[in-house]
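So the chains spell out like this:
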Amino acid sequence: MTPSRRELATSAWAALLRTHATVVPQLDRTVQRKVGLPLSWYDVLLELAAAPERRLRMTELGERVVLSRTRVSRIVDEMVDDGLVCRQENAADKRSAYASLTPAGLARYREAAPHYLRAIEEQFAAGLSDAQLRCVSSALSRVAAPLSSQRG
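The shown structure was predicted, so the numbers you read here are calculated from the model rather than taken from an experiment. (Residues numbered from 1 in each chain as written. Predicted model: local features only at pLDDT ≥ 70, side-chain atom pairs only at ≥ 80, totals over all residues. Heavy atoms only, no water.)

**What about the overall build of the chain?**
Argument step 1. Each helix and strand counted, the chain has 6 helices and 3 strands in total.
Argument step 2. When the helices and strands of the chain are listed from N to C terminus, the series reads α-α-β-α-α-β-β-α-α.
Argument step 3. C-alpha extents for the chain along the principal axes are approximately 60 × 35 × 25 Å.
Argument step 4. Relative to its full complement of 152 residues, the chain shows a buried share of 28%.
Argument step 5. In the chain, of all internal contacts separated by at least 6 residues, the share reaching a separation of at least 24 is 53%.
Argument step 6. When the accessible surface of the chain is summed, it comes to about 10,200 Å², and 54% of that surface belongs to carbon and sulfur atoms.
Argument step 7. In the chain, which carries 22 positive and 17 negative side-chain charges, the distance between the mean positions of the two groups comes to 4 Å. (Helix = DSSP H or I, 4+ residues; strand = E, 2+ residues; numbered from the N terminus. Buried < 20%, exposed > 50% of the residue type's maximum accessible area, 1.4 Å probe, protein only. Contact = heavy atoms within 4.5 Å. Areas by Shrake-Rupley, 256 points an atom, 1.4 Å probe, with all protein chains shown as cover. Lys, Arg positive; Asp, Glu negative; His and termini not counted. Charge placed at Lys NZ, Arg CZ, Asp CG, Glu CD.)

The structure is reproduced here in structure tokens:
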């Protein structure tokens, strides 16, 4: 018997959740073991390194790293203490602030990136063909696109 659309959807959703729950902790352990950074810190460094002027408003950073505003604020505070990030006042809007990548943060990002990318290949992509990776990327992007446009 052919599964219903609801069964297909719930099966795909369950597979996504299981994959996330399995792979993300492994990536976290790898990045911590190789360079001493929690994965959440690496995600912040990654987003700031890719941002114009290597800085983002705290709300933008929270959306990109998919953390709550409270959690991203706490992580940024910890990273400020370690000299990887600094907070800058937003002159245009005193209610908000920027998180900016420091030279030390950029260096740690560059140190961690090869380990992170290798871990993605080994712990996520190794069992998939190029065509399957394109399919997963395309399918998940199609799910996220309309939801992302509704945010904000």
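**Side note on the pairing of strand 3 (residues 97–101)**
Argument step 1. Within strand 3, 4 of the 5 residues are buried, which leaves the element mostly enclosed by the surrounding structure.
Argument step 2. Taken together, the 3 bridges between strand 1 (residues 55–57) and strand 3 define a ladder with antiparallel strand orientation. Across the sheet, residue R57 finds its bridge partner in strand 3, namely Y98.
Argument step 3. In this structure, strand 2 (residues 85–89) lies alongside strand 3, joined through 5 bridges in antiparallel fashion. (Pairing = 2+ DSSP bridges.)

**Here's the deal with the pattern of salt bridges**
Argument step 1. Under the defined criterion, the tally for this structure stands at 6 salt bridges.
Argument step 2. E60 serves as the salt-bridge partner of R57, at 4.0 Å between the closest nitrogen and oxygen. (Salt bridge = Lys/Arg side-chain N within 4 Å of Asp/Glu carboxyl O.)

**Structural notes on the nonpolar core**
Argument step 1. Counting 32 residues, the largest nonpolar core has L37, L45, L48, L61, M79 and V85 as the members making the most contacts within it.
Argument step 2. Elements supplying a minimum of two residues to this core: helix 1 (5–35), helix 2 (39–50), helix 3 (58–65), helix 4 (69–81), strand 3 and helix 5 (103–125).
Argument step 3. Sorting elements by how many residues they give to this core places helix 2 first, with 7 residues.
Argument step 4. Sequence-distant contacts of L45, defined by excluding residues within four places in its chain, comprise L37, M79, L84, V85, L101, G105, R108 and Y109. (Core = buried A, V, L, I, M, F, W, Y, C linked by side-chain atoms within 4.5 Å.)

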